[in-house]
Amino acid sequence: MKQRIEGVTPPYTPDTDRALHRWMPPGVTREPLMLFKVLERHPELASRMRALGAGLLVHGRLGAADRELVIARVCARSGCAYEWGVHMATYAETARLTQRQVALTATGASDDPAWSPRQSALLRAVDELHADARLSDPVWSGLREHLDEPEAIEFLVLAGWYRTIAYVANGLGIEPEAWALALPGS
C-alpha cells in the first residue's frame, strides 16, 4: 500500500521544525520519524498527541522494561510493523529485552518460560484487551499482583495509546523506518 498522506518535507517552517524536534527524545540525531511528519499535517492535533505520548514515554510511572514490553505487544497484536520496529530498534536494549524476547513479543505466548511472572501478567493483559477491550477478573488480579493502582491505570492508557498509534500508522500505510527492526511474521 502506498502511504496515504505524505509527511511534511524540508525546508520546514520554524514552527514545524520546533514541533518535529519536540517529538524526538533529547539527544537523538535521527531525522524525525515519518509518523511525526505526517501528524504535523494537523499541527493542533499533533501538539495534543505529543503531550500524552511524551508523558507516557518519558514521565510515566511504569519503568522502561514494562512500558516497552506493553508497547511491543500492543503493536505486534495490532500488526503495526511501523511502531513495533521503531520501539524495538530504539528501546529493546534499554528495556533489557533479549533478542528472543523481542521476537516473542510478536510471536510467543504470554506463558512462555522466557517471561518473568510480571512480564507474563502484562502480556496476558495486553492480549485480553486486544481480544475484546476488557480484562477478566483473573487477568486483572494477576496484573495487580505487580502494579499498584496508578500503574494499573497507566498500563491501560499506555495500551490504548499505542493501539491508537497503530490505527494511525496502519491506516495511513506508513512504511517502516529504514533503520527499524522488522516485525517477525510480517
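So, here is what we can say about the structure in this document. (Residues numbered from 1 in each chain as written. Predicted model: local features only at pLDDT ≥ 70, side-chain atom pairs only at ≥ 80, totals over all residues. Heavy atoms only, no water.)

### Regarding the environment of leucine 20
Okay, step 1: By the element assignment, leucine 20 lies in helix H1 (residues 14-23).
Okay, step 2: Judged by relative accessible area, leucine 20 falls into the buried class, the value being 0%.
Okay, step 3: Among all residues touching leucine 20, those that are not within four sequence positions of it are Val8, Tyr12, Pro32, Phe36, Lys37 and Glu40. (Helix = DSSP H or I, 4+ residues; strand = E, 2+ residues; numbered from the N terminus. Buried < 20%, exposed > 50% of the residue type's maximum accessible area, 1.4 Å probe, protein only. Contact = heavy atoms within 4.5 Å.)

### With respect to the side chain of serine 78
Okay, step 1: With respect to the element layout, serine 78 can be found in the loop between helix H4 (64-77) and helix H5 (81-91).
Okay, step 2: For serine 78, a relative accessible area of 17% corresponds to the buried category.
Okay, step 3: Filtering out sequence-adjacent residues up to four positions away, serine 78 remains in contact with His130, Arg163, Ala166 and Asn170.

### Regarding the environment of phenylalanine 155
Okay, step 1: Summarising the element assignment, phenylalanine 155 is placed in helix H9 (residues 149-172).
Okay, step 2: According to the relative accessible area criterion, phenylalanine 155 is buried, its value standing at 0%.
Okay, step 3: Linking phenylalanine 155 and leucine 56, residues 99 residues apart in sequence, is a C-alpha distance of 9.5 Å.
Okay, step 4: Excluding its chain neighbours within four sequence positions, the residues that come into contact with phenylalanine 155 are Leu62, Val70, Leu122, Ala125, Val126, Leu129, Leu143 and Leu147.

### Re the nonpolar core
Okay, step 1: Residues Val70, Tyr82, Trp84, Leu97, Phe155 and Tyr162 are the most contacted members of the largest nonpolar core, which totals 57 residues.
Okay, step 2: Looking at which element gives the most residues to this core, the answer is H9, with 10 residues.
Okay, step 3: What leucine 97 contacts, discounting residues up to four positions off in sequence, is Leu69, Met88, Ala92, Val102, Trp115 and Gln119. (Core = buried A, V, L, I, M, F, W, Y, C linked by side-chain atoms within 4.5 Å.)

### Some words on a nonpolar patch on the surface
Okay, step 1: There is a patch of nonpolar side chains on the surface, built from Leu52, Ile153 and Val157 and spanning about 240 Å² of accessible area.
Okay, step 2: Among the secondary structure elements, valine 157 is positioned in helix H9.
Okay, step 3: Residue classification places valine 157 among the partly exposed positions, given a relative accessible area of 36%. (Patch = residues over 30% accessible without salt bridge, like charges linked within 9 Å, V, L, I, M, F, W, Y side chains within 5 Å. Areas by Shrake-Rupley, 256 points an atom, 1.4 Å probe, with all protein chains shown as cover. Salt bridge = Lys/Arg side-chain N within 4 Å of Asp/Glu carboxyl O.)

### So, the pattern of salt bridges
Okay, step 1: By the definition in use, this model includes 9 salt bridges.
Okay, step 2: Measuring nitrogen to oxygen at the nearest pair gives 2.9 Å for the salt bridge that ties glutamate 68 to arginine 67. Accessibility assignment for this pair places glutamate 68 and arginine 67 in one class, buried.
Okay, step 3: In this structure, aspartate 127 engages arginine 73 in a salt bridge whose closest nitrogen and oxygen atoms are separated by 2.8 Å. Linking aspartate 127 in helix H7 (residues 117-132) with arginine 73 in helix H4, this pair joins segments that are 54 residues apart in sequence. Just as aspartate 127 is buried, arginine 73 falls in that class too.
Okay, step 4: One salt-bridge network, held together by shared partners, links Arg73, Arg77 and Asp127.

### Comments concerning the environment of tryptophan 179
Okay, step 1: Mapped onto the secondary structure, tryptophan 179 falls in the segment after H9.
Okay, step 2: Between the alpha carbons of tryptophan 179 and alanine 89 there is a distance of 7.5 Å; along the sequence they are 90 residues apart.
Okay, step 3: Once residues lying within four places of it in the same chain are set aside, the contact partners of tryptophan 179 are Arg30, Leu33, Val86, Ala89 and Thr90.

### Things to note about the packing of H4 against H9
Okay, step 1: Closest axis-to-axis distance for the H4/H9 pair is 9 Å, and the angle between their directions is 40 degrees. Classified by the angle between their axes, H4 and H9 sit oblique to one another. Crossing of H4 over H9 shows right-handed handedness. Across the interface between the two elements, Arg67, Val70, Ile71, Val74 and Cys75 of H4 pack against Phe155, Leu158, Ala159, Tyr162 and Arg163 of H9.
Okay, step 2: Of the residues belonging to the contact of H4 with H9, the class tally is 8 nonpolar, no polar and 2 charged. (Axes fitted to C-alpha atoms, helices over the stretch in contact; angles between N-to-C directions. Parallel < 35°, antiparallel > 145°, perpendicular 65-115°, else oblique. Left-handed = near helix turned anticlockwise from the far one by under 90°. Nonpolar A, V, L, I, M, F, W, Y, C, P; charged D, E, K, R; others polar.)

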